[in-house]
Amino acid sequence: MPKSQNINPKVVRKPRFIEFGKIPVNQYNKSIEDEKGNFTKEDFLRIYHDMVVIREFETMLNLIKTTNEYNGVPYNHPGPAHLSIGQEASAVGMAYNLEVDDYIFGSHRSHGEILAKGLSAIHRLDEDSLYSIMKNYFGGSALKVVENGFQGSIKSLAINFLLYGALAEIFARENGFNKGLGGSMHAFFTPFGIYPNNAIVGGSGDISVGAALFKKINRKPGIIVCNIGDASMGCGPVWEGITFATMDQYRTLWEGEYKGGLPLIFNFMNNLYGMGGQTMGETMGYDILARVGAGVNPEMMHSERIDGYNPLAVIDAFKRKKQILKEKKGPVLLDTLTYRISGHSPSDASSYRSKEEIELWQQEDSIVSFGQSLVLAGIAKKEQLENITNETKELLTKMLKLSIDDNISPRINMSANPDCIGNMMFSNGSFDRMEDGKPEVLLSMEENPRVKSLKTKERFYKDKEGKPVSKAKLYQFRDGLFEAIIDRFYKDPTLAAWGEENRDWGGAFAVYRGLTEALPYQRLFNSPISEGAIVGTAIGYGMCGGRVIAEIMYCDFLGRSGDEVFNQLPKWQAMSGNIIKMPVVIRVSVGSKYGAQHSQDWSALTAHIPGLKVVFPATPYDAKGLMNTALQGTDPVIFFESQRIYDIGEMFYTNGVPEGYYEIPFGEPDIKKAGNDITILSIGASLYPAIKAGEILQEKYGLSAEIIDARSLVPFNYDLVIQSVRKTGKILLTSDASSRGSFLKEMAQTITELAFDSLDAPPVVVGSRNWITPAYEMEEYFFPQPDWIIDAIHERIVPLKGHKCKTDQSVNKLALLNKEGV
Ligand SMILES: Cc1ncc(C[n+]2csc(CCOP(=O)(O)OP(=O)(O)O)c2C)c(N)n1
Ligand SMILES: [Mg+2]
């Protein structure tokens, strides 16, 4: 417990100096002769071969992009191709010592890494395993193509498979590794330990940390290598990933076999440039990238610059660094110096660098110089090396022809199945646990103090005499969440949760109170204040096969995890061709009372992004049932919770919140109060002002409102709402989100289309003002109030006899506010 780690002022206030150790720079200095004892002739030739395969693969793509032809084969590829000509030695050196269980993550420029890791895995796997991998991948569709007429060993067949699968993916063919839905910048093949490559610069910076957490928490063999570019050192996710990966707690607080550093290498493929910005000398200040490791932890991340132009230097470094990870002293930072002779993309005119510079690096070409040294050392003959190149060219020409043939390698048939990508956005799985095994807990559920105390609570807001239950005795909204979450912790051994102040504090809003006693550190821990990495690591953890709950303390902070929530979390299931599942629940607490940067409901932003499920319960019964569903599923869920109602009791489900397990299906709204005259559809905590408005409508104007709680935003089944509208002919929608661009607007528009003929008036939206959220004392002028609902009904739906408006909800005002943009 951190409480046991007293911070003594006498110690921390003492004067001292921080001393940094030395960071090795290009210290490898062995010759081929020196290495003869470590590599066989075959090993040396394999290194050479793998580099040539990458060089030729990239050269082929370059020619296709720039001349629409390779080796007499014409083809037009309109999509991207970020080539790594020049970087082959660093890719092959990186992958050479990796086991199949070691996972690599990459960037937009990762063709070389994919091939290097693939070739390394093929070398390591026995023939039966290789064949079964190929046979079972998408029903063996790619295997069938390369197997047709093939004569040779399974290993050579697997090399054909690797090249064909990668090319087909780049050309968006259904036989590609990800059904052509990933493409050049995102291609990967998990059976060979090749995990997603990322078109967002630095995107792998925190995702790979989550993968390392998955390995560590679930005691899986293998390490993670995060291959990212030098310019990504300026990216938030990379810094946050590094911070997350180097937390002291792995060594100070995690216990037993979980104690120790993450099995992770941040491997910066340092080609000295971003697109055109020169990192060393222009856009960064580190001089030598490896320096960055020095400040991060006392081990200086075992940081080192290595010569990525020499495959043997890279192999040597990875061997040494893997040993460090094995001793649980990770993570490691490697600054792998290399150079991209090719442009950033084939259209790059290299305006940002001189011809002389490119020529200087070409003179030291890693393949040429490694080949020469093999010849000089008597390991290979020149003709042997030439043969490797010629055979590679021939093989690539063959694979190219297969991958561009529309009959052999068609794209997904979108005309026959126009919804097929839609059907791939969610996996819609339902699993009690992501893996079998006994969940690690510190005490039995019955012994848990909060579980015990919940047994004494009233699970409905009124007692048997109909009197409201006191706060102290009341089973609250937060308790519903807690019950679903603790239940899953005892069911699913892979479940882990993290976020800010999640552990001893019990979560900022006491949802997790009682979990600290129940769970060891590796299953529940406090993270740094890194909302990007909180979500990014959850993504990495989820895509490796673990279930995870990550928490964003205030919805307003979602902006800090923008890339993770918008570009990563929702995309990987479909971009993988459904190879990957994403059992990740992001709890997002929507604030109030704390002003402009702590009170915003941004549910519409997340609902807008294809690939996320979005729910927003408003009662303890719904909170528990929806959380159970979220934690049973395999899709990313943004789970909104309003701080306004954490302590509210169940007012609608008259039997009270059940003690046992139950699920509430996503997408099904719920009638919280039946009525006949007007429909009110609410999202989140605005259910309660809607109920109040319903009471006023009944008492004062004799109108019976049907009040429907949306509960979900995505998916959303409109049937119940449309049925209601067909009955009432009128609908008002309300939520706490600022009305402009809110999800209510989306719903209003859809309802108009689905039930236009039944509507007496257009659907009316009553959201919050399009302002900053003012202080608590002024919030009633910002968030929708029952009066606003009544006024809006009177002004825009049906005149209420004798009604005097307290606010201006007229269409004129609506038009004016829009004109002013507020
Ligand atoms: C977040 C983000 N910003 C900008 C880009 C556009 N972009 C693509 S590659 C690149 C340069 C990346 O440099 P580095 O990380 O060193 O990788 P390299 O291209 O050198 O391999 C840029 C700016 C992007 N894809 N993602
Ligand atoms: Mg770079």
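Summary of the structure given here. One numbering rule holds for all chains: residues counted from 1, following each sequence as written. Throughout, the order in which chains and ligands are written sets their labels, letters from A for the former and numbers from 1 for the latter. Per-residue local features are limited, in this predicted model, to residues with pLDDT of at least 70; the limit for side-chain atom pairs, both in listing and counting, is 80 or more; totals at the level of whole chains, interfaces and linings are taken over all residues. Heavy atoms from the whole structure form the basis of all side-chain values; hydrogens and water molecules are not counted.

## Section: the nonpolar core
Then comes step 1: Side-chain atoms within 4.5 Å are what join buried Ala, Val, Leu, Ile, Met, Phe, Trp, Tyr and Cys residues into a set we call a nonpolar core. Three labels apply to residues, based on accessible area from a 1.4 Å probe with only protein chains included: buried if under 20% of the type maximum, exposed if over 50%, partly exposed otherwise in between. Core analysis: the biggest nonpolar cluster contains 247 residues, and Phe57, Phe192, Leu213, Phe244, Trp498 and Leu697 have the highest contact counts within it.
Then comes step 2: Secondary structure is summarised from DSSP: a helix means a run of H or I of at least four residues, a strand means a run of E of at least two, and numbering begins at the N terminus for each. Counting residues per element, this core draws most heavily on helix H3 (residues 41–67), which supplies 12 residues.
Then comes step 3: A contact between two residues is defined here by any heavy atoms of the two lying within 4.5 Å. Excluding its chain neighbours within four sequence positions, the residues that come into contact with Phe192 are Val100, Lys117, Gly118, Ala121, Ile122, Leu125, Leu130, Ile133 and Leu162.
Then comes step 4: Ile85, Tyr273, Leu337 and Tyr339 belong to the second largest nonpolar core, which has eight residues in total.

## Quick notes on the coordination of the magnesium ion (ligand 2)
Then comes step 1: Donors, by definition, are the N, O and S atoms found within 2.8 Å of a metal, the threshold being 3.2 Å for Na, K and Ca, and water is not counted, so a site can look incomplete. For the magnesium ion (ligand 2), the full set of protein donor atoms is Asp230 (OD), Asn271 (OD1) and Tyr273 (O), at a range of 2.0 to 2.1 Å.
Then comes step 2: Read N to C, the donor residues that coordinate the magnesium ion (ligand 2) are spaced as D-x40-N-x1-Y. Tyr273 shares its class with Asn271; the two are buried.

## Brief notes about the layout of surface pockets
Regions of empty space are outlined by a rolling probe, equal in size to a water molecule, passed over the atoms.
Then comes step 1: Only protein atoms enter the 1 Å grid used here, on which a cavity is any set of points holding a 1.4 Å probe that cannot leave and a pocket is any open set flanked by protein within 12 Å on both sides along at least five of seven lines; residues with an atom within 4 Å of a point are listed as lining. Grid points are joined across faces, edges and corners, and a volume is the space filled by probe spheres set on the points. When its volume is computed, the largest pocket comes out at roughly 800 Å³.
Then comes step 2: Residue lining of the largest pocket: 28 residues in total, with His49, Ser156, Ile159, Asn160 and Leu395 positioned closest to the centre.
Then comes step 3: When residues of the lining of the largest pocket are traced back to their parent elements, those giving at least two are H3, helix H5 (111–124), helix H7 (141–147), helix H8 (154–170) and helix H15 (382–404).
Then comes step 4: For the lining of the largest pocket, the element with the most residues is H15, which contributes eight residues.
Then comes step 5: Residues are grouped as follows: Ala, Val, Leu, Ile, Met, Phe, Trp, Tyr, Cys and Pro are nonpolar; Asp, Glu, Lys and Arg are charged; all remaining types, including Gly, are polar. Its residues assigned to classes, the lining of the largest pocket shows 12 nonpolar, seven polar and nine charged.

## Comments concerning the site of ligand 1
Then comes step 1: Near residues are defined by distance, with any heavy atom within 4 Å of the molecule or strand qualifying the residue. Near ligand 1 you find 14 residues, and of these His108, Arg109, Asp230, Ala231 and Asn271 are the closest.
Then comes step 2: For the purposes of these results, a polar contact is taken to be a pair of N or O atoms within 3.5 Å, where, inside protein, one atom must be able to donate a hydrogen and its partner to accept one; residues adjacent in sequence count only when each atom of the pair is a side-chain atom. In the environment of ligand 1, an oxygen atom lies 2.8 Å from a nitrogen or oxygen atom belonging to the backbone of Ala231.
Then comes step 3: At a separation of 3.3 Å, an oxygen atom of ligand 1 approaches a polar backbone atom of Ser232.
Then comes step 4: Residue burial considers only the protein chains on display, and all accessible areas are found by Shrake-Rupley using a 1.4 Å probe. Against a free-state accessible area of 570 Å², the protein chains account for coverage of 70% of ligand 1.
Then comes step 5: Counted by class, the shell around ligand 1 contains six nonpolar, six polar and two charged residues.

## Some details on the packing of aromatic side chains
Then comes step 1: For Phe, Tyr and Trp, where Trp contributes only its six-membered ring, two rings pair if their centres lie within 6.5 Å, and the inter-plane angle classes them as stacked under 30 degrees, edge-to-face over 60, or tilted in between. What the rule picks out here adds up to 37 aromatic pairs.
Then comes step 2: Ring plane angle 45° and centroid distance 5.4 Å describe the contact between Tyr554 and Phe557, whose orientation is recorded as tilted. You'll find Tyr554 and Phe557 in the same group, each marked buried.
Then comes step 3: Centre to centre, the rings of Tyr621 and Tyr653 are 3.8 Å apart; their planes meet at 10°, and the pair counts as stacked. Taken as a pair, Tyr621 in helix H23 (residues 620–632) and Tyr653 in the loop between strand E14 (637–642) and strand E15 (670–673) lie far apart in primary sequence, 32 residues in all.
Then comes step 4: Among the residues examined, Tyr653 registers a relative accessible area of 30% and is labelled partly exposed.

## With respect to the pairing of strand E3 (residues 103–106)
Then comes step 1: Taking every second residue as pointing to the same face, both faces of E3 are buried, with Tyr103 and Phe105 on one and Ile104 and Gly106 on the other.
Then comes step 2: Here three bridges tie E3 to strand E5 (residues 224–229), and the two strands are oriented parallel to one another. Pairing of Phe105 across the sheet is with Cys226, part of E5. Strands were regarded as paired on the criterion that DSSP finds at least two bridges between them.

## Points about the sheet that holds strand E13 (residues 613–615)
Then comes step 1: The mixed open sheet is built from seven strands, whose spatial order is E10-E9-E11-E12-E14-E13-E18. Looking at strand neighbours, the two that pair on one side only are strand E10 (524–526) and strand E18 (712–714), the edges of this open sheet. Across the sheet, the axes of successive neighbouring strands diverge by a mean angle of 20°, strand direction being ignored.
Then comes step 2: One ladder, built from three bridges, connects strand E9 (residues 496–499) with E10; its direction is parallel. Paired with Gly499 across the bridge in E10 is Asn526.
Then comes step 3: Angles shown run from 0 to 180 degrees and are taken between the N-to-C directions of axes, each axis being a line fitted to C-alpha atoms and, for helices, limited to the stretch in contact. The strands that helix H17 (residues 477–489) touches are E9, strand E11 (548–552), strand E12 (584–590) and E14; relative to E14, the one it contacts most, it runs at about 145°.
Then comes step 4: Contacting E11, E12, E13 and E14, H23 runs over the sheet at an angle of about 160° to E14.

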